[in-house]
Amino acid sequence: MGLIEIYQTLQRAYPFPAGWAHGSWPMSRKFHPPGLEVVAGAILTQNVNWNNVEKALERMIQEGLVDVETISRCSRTRLEAAIRSSGFFRQKAQRLKTIARFIADYPGDFYRQVQREQLLTIKGIGPETADSILLYACGQPHFVIDAYTRRIFERYGALARTAGYDDIQDTFESQLPVEISLYQRFHALIVEHAKRTCKKVPLCGECVLREDCVWAADHF
DNA sequence: GGCCAGGCACAGC
DNA sequence: GCTGTGCATGGC
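This is a predicted model, so every value here is computed, not measured.

Thresholds, definitions, all that
Residues numbered from 1 in each chain as written. Chains lettered and ligands numbered in written order. Predicted model: local features only at pLDDT ≥ 70, side-chain atom pairs only at ≥ 80, totals over all residues. Helix = DSSP H or I, 4+ residues; strand = E, 2+ residues; numbered from the N terminus. Buried ≥ 20, exposed ≤ 12 C-beta atoms within 10 Å, placed from the backbone. Domains from an automatic or database assignment. Contact = placed C-beta atoms within 7 Å. Nonpolar A, V, L, I, M, F, W, Y, C, P; charged D, E, K, R; others polar. Axes fitted to C-alpha atoms, helices over the stretch in contact; angles between N-to-C directions. Parallel < 35°, antiparallel > 145°, perpendicular 65-115°, else oblique. Left-handed = near helix turned anticlockwise from the far one by under 90°. Expected span 1.5 Å × (residues − 1). Arc of directions from axis to C-beta.

Here we take up the overall build of chain A. Each helix and strand counted, chain A has 13 helices and zero strands in total. Mapped from its N terminus to its C terminus, chain A presents α and β elements in the order α-α-α-α-α-α-α-α-α-α-α-α-α. Among the 220 residues that make up chain A, the fraction classed as buried is 34%.

Residue proline 33 is reached from histidine 32 by a cis peptide bond, and omega for that bond is -10°. Take proline 33: it is sitting in the loop between helix H1 (3-13) and helix H2 (35-44). Positive phi, close to 65°, is recorded for arginine 29, a residue that is not glycine. Structurally, arginine 29 can be placed in the loop between H1 and H2. For arginine 29, a count of 8 C-beta atoms within 10 Å translates into the label exposed. The phi angle at asparagine 47 is positive, at roughly 55°, despite the residue not being glycine.

This part is about the domain arrangement of chain A. You can read the domains of chain A as domain 1 (1-20 + 143-220) and domain 2 (31-140). If you look at the interface, domain 1 gives eight residues, while domain 2 gives seven residues. The greatest single-element share of the side of domain 1 that touches domain 2, amounting to three residues, is contributed by helix H12 (residues 180-196). Across the side of domain 1 that touches domain 2, the residue classes tally to six nonpolar, one polar and one charged.

Time to look at the packing of H1 against H12. It is at 10 Å that the axes of H1 and H12 come closest, and there the two elements cross at 65°. Compared by their axis directions, H1 and H12 come out roughly perpendicular. The two elements H1 and H12 cross, and the hand of that crossing is left-handed. Contacts between H1 and H12 involve Tyr7, Leu10 and Gln11 from the former and Arg185, Phe186, Leu189 and His193 from the latter. Partitioning the contact of H1 with H12 into residue classes produces four nonpolar, two polar and one charged.

Next up on the list: the environment of phenylalanine 186. As for its position among the elements, phenylalanine 186 is in helix H12. Phenylalanine 186 sits in the buried class, given 24 other C-beta atoms within 10 Å.

Bringing helix H3 (residues 50-62) into the picture now. The end-to-end C-alpha distance of H3 is 18 Å, a good match for the 18 Å that 13 residues give at a rise of 1.5 Å each. Regarding H3, the residues found buried are Val53, Ala56, Leu57 and Met60. Considered in projection along H3, the buried side chains sweep an arc of 100° and stay on one side of the axis. Turned more than 90 degrees from where H3 packs its buried face, Asn51 and Gln62 sit exposed. Looking at the buried side of H3, the elements it contacts are H2 and helix H5 (76-83). Glycine 64 lies just past H3 and shows a positive phi near 75°.

Shown next as structure tokens:
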């Protein structure tokens, strides 16, 4: 199975990935602007289960921490308390404040103009966080490589298991049409598939990718 | 009670 | 350059 075929198979299996309406990032739309919720979620989800992140986002909304001025100016302890459930709350609070300040001071429209290299200069923003922001908040075609995607790649890719982020990303981007909605949906589908298989719901023989599933070793 | 979850920065080689 | 380690909570 090539990448496109995997995409099509997942698309047929999960027409509406839970929480990812039309393949877009899960959002309450209670941040201002809505894209800021993607930025916050991308930071809060670093090395942590999304369940923990949802609670943190809800508390940020309750606290009114939904715009860059408030986030960058509130006390660090207040922000830390709000996002405690997302783990690593001290460094994540600092990272949120840093990116909020960056957005507030951005000369121009951050959500339309920010470049990947600019994001990567910000402490706390690595390649995956940057690409999540660019793809889902800014609508720029950067394929997001996360832990789930790596497993897919390791099974199908020709590169060594030690391939770096950029190598894996190049492989996906060179095999797929450069299309924002495709990138968005594909990543959503990979996450959806990961959440549905094996660990919580042992589908095994029912897995839509059958023996090609990245979790095949667990299935069969 | 141990292990894992949609990373990242930084120190030490 | 590459590898190991700290960061911290919640669910199973």
